[in-house]
Amino acid sequence: MRIDLFKLRRPAAFDLAAHVTQLMTLPVVKRNAFRAETEMRLEHAEQREGFWLMDFVRLRMKQGPAKASLDSAVQGFDLDANEGFGEETAFLWDPTSDWCVSQYNHFGVRANAIAEYLKAHHLMQSIDMDLLPKIDETVHTKIRKKGLVVRQVQLSVAPMLLHDSDYDLKSGLGSAIKMLKKSGSDQIEIIVSARGSKSKSLNIDLPRIDQWVRRLAGRGQPDDREQAITTARATTRDPDGARSEVLDLLHHRVTTETPIAPGLDKRLPRDDRFSALIRAYHGWESLMT
Amino acid sequence: MSERFREIVWPYALGCIAGCVHAIWFLSSFPVDSEILAASISMGSIFCGFLATSKAVVLGMQSPRIERLRSTRFFGLFLNYLEAAIWISLLYCGFNLFGYLVHRETFPAWYGPIWSGFTVLTMATFLQITRFVMQMVHLVDMDSREANGK
């Protein structure tokens, strides 16, 4: 199970704990919220060791997997019209520091959906709240490591995108239109790769590329799709050739993998997921700055 | 002086210069009869009609580049320019109608320079908007050609 670290940004006056408590008093149907073509909801919330532990579920109502067996034909599940598949996502919130640890479920509820859900269900006023992924600063130390063998560099660039920042720079409408004329296809992908034997490498100064990418991409939100550079990855190998690693130069999130044994119903037990989140939280305490 | 400031100011500056030139060099001379007003009113109303139509044309344009423009604040800027140009054309018509009221055998001395300035301002803003609209049409054209793979 993959776990990511986030920082919750919320107005100080917004009492999230009371809001979650109030949400849990609602019947299940009332907790459903429609998002990204399907329903999601806060399934469970509890307090443990000073943390708020929540379990979100995304309901897959449209389409789902089949029941497969090693020694008989594949068959469907027997489901009612109002039943589907639930994708569970565990979420931890530290009310004192606002650091959050979230399970990553590719088919489940994502962090921004959680933030949206928690503020959208608060009907009293609109709240400016979101979850910002914590960026791993150590990736930049890794890049600066001496003798790192670079095998491949991959960049996706959106050329000459017109931006509101151009407006702030007091560009005129005429030059904005000119800029649009020059901007070609939506994305250009540049891949520089060393082919052939494993010993071959690119003679590339990775720290300088990293600097350049970060300067172009700005220090905006890591999830901002409006960036000029959308992907920047370098495939590297240790000097001894032992370990190869893909470094994301743009947004290398703080993340960890924890193995969890599925229960008899093939689901990852909620308690195990919660304790994995708490363990990850304690492991990351030094990063929470 | 920012680019946007220049873009906003040049029609007005040109209008002021035209008014001054009229006052100084042509000694505020102006045609004696009021026929020129009728011609000016029809020009102003044609401009006004064209500008109002181009607003609808631009809002109806659909292409990735136009969508991009629309998603930024530049589109609001364009609408501001357009609105200003429409108002200027309307006021220009009004000013010419007002000319009939002040016309006695001949026009008062102040009328000529203001008329010149206003005419140049109206034409300049009209020219500016027309150029922007044509450039946007080119953007749509570029997108459709790219989509057809030519």
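As a reminder, the structure under discussion sits directly above these lines.
Treat the numbers as computed from the prediction; the structure is a model and nothing was measured. (Residues numbered from 1 in each chain as written. Chains lettered and ligands numbered in written order. Predicted model: local features only at pLDDT ≥ 70, side-chain atom pairs only at ≥ 80, totals over all residues. Heavy atoms only, no water.)

> Before we move on, can you summarise the overall build of chain A with the specific residues and values?
Across its full length, chain A carries eight helices and 12 strands. In chain A, which comprises 289 residues, the proportion classed as buried is 41%. Residue pairs at least 24 apart in sequence account for 68% of intrachain contacts in chain A once pairs closer than 6 positions are excluded. Accessible surface, chain A: about 16600 Å² in total, of which carbon and sulfur atoms supply 52%. (Helix = DSSP H or I, 4+ residues; strand = E, 2+ residues; numbered from the N terminus. Buried < 20%, exposed > 50% of the residue type's maximum accessible area, 1.4 Å probe, protein only. Contact = heavy atoms within 4.5 Å. Areas by Shrake-Rupley, 256 points an atom, 1.4 Å probe, with all protein chains shown as cover.)

> Kindly report on the sheet that holds strand β9 (residues 188-193) of chain A, identifying the contributing residues and their values.
All names here are of chain A. Spatially, β9-β8-β10-β11 is the arrangement adopted by the four strands of the open sheet, whose pairing is antiparallel. The strands lining the two open edges of the sheet, one partner per strand, are β9 and β11 (244-248). Taking the axes of each pair of neighbouring strands and ignoring which way they run, one obtains an average angle of 10° across the sheet. Where strand β8 (residues 149-157) and strand β10 (residues 229-237) come together, eight bridges link them in antiparallel fashion. (Pairing = 2+ DSSP bridges. Axes fitted to C-alpha atoms, helices over the stretch in contact; angles between N-to-C directions.)

> Can you tell me about the interface of chain A and chain B, naming the residues and giving the values?
Taken together, the contacts link 20 residues of chain A with 20 residues of chain B. For the pair chain A and chain B, the two sides together bury roughly 2100 Å², of which 60% comes from carbon and sulfur. Looking only at chain A, the three residues that lose the most surface to chain B are Y167, L173 and K181 of chain A, adding up to 34% of its buried area. Our count for the contact surface shared by chain A and chain B stands at zero salt bridges. (Buried area = accessible area lost by both parts, 1.4 Å probe. Salt bridge = Lys/Arg side-chain N within 4 Å of Asp/Glu carboxyl O.)

> Which residues make up unusual backbone geometry, and what values go with them?
Residue and element names in this part refer to chain A. Backbone geometry places D98, a non-glycine residue, at a positive phi of 65°. With respect to the element layout, D98 can be found in the loop between β5 (85-93) and β6 (99-104). The buried category is assigned to D98, whose relative accessible area is 12%.

> Lay out the pattern of salt bridges in plain terms, naming residues and giving numbers.
All names here are of chain A. Applying the stated criterion across every chain yields a total of 17 salt bridges over all chains. One salt bridge connects R48 with E46, and the closest N-O pair in it is separated by 2.9 Å. Ionic pairing is found between R60 and E87, a salt bridge with its closest N-O pair at 2.7 Å. Within this pair, whereas R60 is found in strand β4 (residues 51-60), its partner E87 is found in strand β5, the two being separated by 27 residues in sequence. The exposure class assigned to E87 is buried, which follows from its relative accessible area of 14%. Salt bridges sharing common partners tie together D55, E88, D265, R267, R270 and R273.

> Could you give me a rundown of the pairing of β10 of chain A, with the residues and numbers involved?
Across five bridges, β10 of chain A lies against β11 of chain A in antiparallel orientation. Directly across from A234 of chain A, in β11 of chain A, lies its bridge partner L247 of chain A.

> Explain helix α3 (residues 64-71) of chain B to me, using residue names and the numbers behind them.
Those residues of α3 of chain B that sit buried are R65, I66, R68 and L69 of chain B. In a view along the axis of α3 of chain B, the buried residues occupy a sector of 155°, so they form one face of it. Structurally, α3 of chain B contributes buried residues whose contacts are with α6 (173-182) of chain A together with α4 (74-102) and α5 (111-147) of chain B. (Arc of directions from axis to C-beta.)

> Could you give an account of the nonpolar core, with specific residues and numbers?
Among the nonpolar cores identified, the biggest contains 28 residues, and L173 of chain A together with L69, F74, F78 and M136 of chain B are the most heavily contacted of them. If you list the elements that add at least two residues to this core, you get α6 of chain A together with α2 (35-60), α3, α4 and α5 of chain B. Residue contributions to this core peak at eight residues, all from α4 of chain B. Ignoring anything within four residues of it in the chain, the contact list for F74 of chain B reads L162, H163, D166, Y167, S171, G172, L173 and A176 of chain A together with L69 of chain B. Counting residues in each nonpolar core, the second largest holds 27 residues, with F6, L16, L23 and L131 of chain A among its members. (Core = buried A, V, L, I, M, F, W, Y, C linked by side-chain atoms within 4.5 Å.)

Functional significance is not addressed by these values, which are geometric in nature.
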